[in-house]
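Working through the structure, step by step
What follows is each chain in one-letter form.
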Amino acid sequence: MAALLAPTTLWFLVMLIMPLIVILIFSFGERAAVGGYGGGFTFEQYANLPARLKAFQNTLTYAPLGTLLSLLVAYPLAYFLALKVDRRFKLVLLVLVIVPFWTSLLIRTYAWIYILGGRGIPTILEWIGIEGVRLINTPTAVLIGIVYGYLPLMVFPVYVSLEKLDKSLLEASNDLGGNSFKTFLQITLPLSMPGIATGCMLVFILLMGEFLIPAFLGGGKVFFIGNAMVDLFLQSRNWPFGSAVAATLVVIMLITVSIYMRLAMRNKTGADQSLM
Amino acid sequence: MSKNSDKQITSKQFMRQLWRYKRGSISRREFLGVTGLGMATAVMGAAIPSLLPQKSWASTDLGDRLVFSTWPNYWNQANLDEFTANTGVNIQVNAFGSNEEMLAKLQAGGTGWDVFVPTNYTISNYVELGLIQELDLSRIPNYDASANNPKFAGPATVNGKVYCVPKNWGTTGFIINSNKITSGPKSWKDFFEVTKGEGSGHTIVHDYQLTTIGAALCALGYSFNSIDPNELAEAEAVLIESKPHLFAITSDYQPGMRSGDAWMSICWNGDATQLHNDLPEMQYVIASDGGEIWTDFYAIPAEAPHLDAAYAFLNYMQDPAVQARDAEAHGYAPTDARAIALQPASLATDPILHPAEELMNGLEFGAAQTLTDPNRAELIARFKSA
């Protein structure tokens, strides 16, 4: 048994625990004169955290908002794929959801700069008489990019939970006189909760570290904590402060995720069938 | 009741249901659960590597490869293809947005870069940190020191040793869309006034400490290179005040200028040439209150894995005809007089590429200390996250 567990333990140790320890050690150090890590023991980096308050606030606003919007867009799609589409087309449509992932997110997000830019959607809106719409480099643009980029991560878990749904339950509800809205609310939605929980978790966790979409579609003006970290490591080369920000983010994530898990687990079905 | 009878199971649906049960719903569900999660995992796996900015490490152990790190829109693909055709060395190009980013990569180590393009003010830092190697000029016979103006080539020599060969030189000013900005800003002071006035919502500053902080410093009448904490604090106030009026903070300003979303941007003169050639209303301004003059160089990192290929590439890129072709693609002026002589005469007298000497009097070369000054680094980061 111990021998079987060894690879897993080693993997966790090398890939997770050790990097986290390094981050913690760095976060109590000082920036070397030319950048990087300069040793030492100080709480200065943590004391300096308020300088990135806006970035934390932005992340904690846009990550839940982006997750919610992704869910609102993904659910009807997953529902349609799982329950309404003819079996013959199902696989093709599922593959079509993944196809965009064959291209780098960087390139797809870059394309949105042009779609949302002055010569893109705003020009089309002008043709139909709506003038002065500005999309690119606004929070709206960032949210559009998030929904676009994270959609499959939300669609698949929800799809799986809907696909597993026992169709006879829908018929039973129908037989007992429930209309389709009531059936959805009392049968379909509760039974798809595990998928919703998984999808939201996947999207939310990744969004907390997102930096590419706000950098490209927010024009550097909608600034996430991920952008702050990229800056600290790749521009200012302030590894200790960057590590302090990273460690703080991990703590914030642990807190929010465990609150979320507790809420999700309260739902009994969620506890039984959660995919997590 | 009619509603329910509508939903009665048809014979076709019944058969489908039966068929489904025959296949065994449990194994099917498990299968779907596994494949569904498998899909989600595959999807994440595909997404995460693409989020990493660079993958240059992947090629370190390939002998037929050269990893070349440079700036966006700063090379002629025809040259690289010709080099590959002649030598069999495939070139992997990485484009970077700032010298700081290049330094960060080199400091972290294991870049796998063979040749990269640092700007004048970074070289002494690289030498001090032991990140670049002294060049054996006998392996670069195409390089002719006497054809290069010492004003531009000078920073390549540190403590009497040559570490780089020059590539191009240029200036950092700003570009305006003269159809939209009609007040004719001439200085960085005007630039920030216009940002808050007729250009509000349509101005871009670089995501780059040197030029963006430098512009704010010049607007206040200070040196482009100042690291004085009080002067930097004033510059920060100028930037923070203008932030709500900015269209973007990005060094990739051509898309915004071209789409008409942005009307004014801090700009390097080669980009200005590219924009002006396509859109004549794009006007380049060398600010009267200062700014930057710079030279970019080719250098070889200390840990370059393909040293022979790197020297071959440097020598090839120093060929005057190759330099002229390179400049044709990106619009920046070569430092090498032999290459300028090969260019069309109109370029040699182009006011954007070769401005009158008196216009350049106020310009400064970036200073080494700006690269490593922690206050400047933190200032730009604070400005962005404000």
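Rules and cut-offs
- Residues numbered from 1 in each chain as written.
- Chains lettered and ligands numbered in written order.
- Predicted model: local features only at pLDDT ≥ 70, side-chain atom pairs only at ≥ 80, totals over all residues.
- Helix = DSSP H or I, 4+ residues; strand = E, 2+ residues; numbered from the N terminus.
- Buried ≥ 20, exposed ≤ 12 C-beta atoms within 10 Å, placed from the backbone.
- Contact = placed C-beta atoms within 7 Å.
- Nonpolar A, V, L, I, M, F, W, Y, C, P; charged D, E, K, R; others polar.
- Domains from an automatic or database assignment.
- Axes fitted to C-alpha atoms, helices over the stretch in contact; angles between N-to-C directions.
- Parallel < 35°, antiparallel > 145°, perpendicular 65-115°, else oblique.
- Left-handed = near helix turned anticlockwise from the far one by under 90°.
- Pairing = 2+ DSSP bridges.
- Core = buried A, V, L, I, M, F, W, Y, C linked by C-beta atoms within 7 Å.

**Concerning the overall build of chain A**
When its secondary structure is counted, chain A shows 14 helices and zero strands. From first element to last, N terminus to C terminus, chain A shows the α and β order α-α-α-α-α-α-α-α-α-α-α-α-α-α. Within chain A, the proportion of its 276 residues that are buried is 37%.

**Notes on the interface of chain A and chain B**
It is common to report an interface's size as the accessible area lost on association of the parts. Across the contact, 47 residues belong to chain A and 42 residues belong to chain B. The greatest single-element share of the side of chain A that touches chain B, amounting to eight residues, is contributed by helix H7 (residues 139–164) of chain A. Residues of the side of chain A that touches chain B, tallied by class, amount to 25 nonpolar, 12 polar and 10 charged.

**Re the domain arrangement of chain B**
Residues and elements named next belong to chain B. Taken as a whole, chain B is organised into domain 1 (56–169 + 295–355) and domain 2 (170–293 + 366–385). Spacing between the C-alpha centres of domain 1 and domain 2 amounts to 26 Å. Looking at the side of domain 1 that touches domain 2, the elements with two or more residues in it are helix H5 (99–108), helix H6 (123–128) and strand S6 (164–177). Taken together, the residues of the side of domain 1 that touches domain 2 break down into nine nonpolar, 11 polar and one charged.

**Details of the packing of helix H1 (residues 2–27) of chain A against helix H13 (residues 239–266) of chain A**
All names here are of chain A. Contact geometry for H1 and H13: axes closest at 7 Å, N-to-C directions at 120°. On the basis of their axis angle, the class for H1 and H13 is oblique. Every pair of crossing elements has a handedness; the one defined by H1 and H13 is left-handed. Contacts from Ile 23, Leu 24, Phe 26 and Ser 27 of H1 reach H13 at Trp 239, Pro 240, Ser 243, Ala 244, Ala 246 and Ala 247. For the contact of H1 with H13, the residue count by class is eight nonpolar, two polar and no charged.

**Regarding the pairing of strand S11 (residues 291–299) of chain B**
All names here are of chain B. The buried count for S11 comes to nine of nine residues, which makes it a mostly enclosed element. Because side chains alternate across S11, one face comprises the buried residues Gly 291, Ile 293, Thr 295, Phe 297 and Ala 299, and the other comprises Glu 292, Trp 294, Asp 296 and Tyr 298, equally buried. Here eight bridges tie S6 to S11, and the two strands are oriented antiparallel to one another. In the strand pairing of S11, Gly 170 is matched with Trp 294.

**Digging into the packing of helix H3 (residues 53–84) of chain A against helix H12 (residues 225–234) of chain A**
All names here are of chain A. The geometry of H3 relative to H12 is characterised by a closest axis approach of 7 Å and an angle of 140° between their N-to-C directions. As judged from the angle between their axes, H3 and H12 are oblique. Contacts from Ala 55, Phe 56 and Thr 59 in H3 reach Ile 225, Asn 227 and Ala 228 in H12.

**Looking at the nonpolar core**
A general trend in soluble globular proteins is that nonpolar side chains are found buried together. Ranked by size, the top nonpolar core spans 164 residues in total, and within it Val115(B) and Ile175(B) carry the most contacts. For this core, the element with the highest residue contribution is H7(A), accounting for 16 residues. Mapping this core onto the domain boundaries places at least three of its residues in each of domain 1 (56–169 + 295–355) and domain 2 (170–293 + 366–385) of chain B. Ignoring anything within four residues of it in the chain, the contact list for Val115(B) reads Leu66(B), Phe68(B), Tyr298(B), Ile300(B), Ala310(B), Phe313(B) and Leu314(B).

**Here's the deal with the environment of Arg139(B)**
All names here are of chain B. Counting through the fold element by element, Arg 139 comes out in the loop between H6 and helix H7 (150–153). Taking the C-beta count within 10 Å as the criterion, Arg 139 has 14 such neighbours and is therefore assigned partly exposed. A C-alpha to C-alpha distance of 47 Å links Arg 139 and Ala 233, two positions 94 residues apart in sequence.

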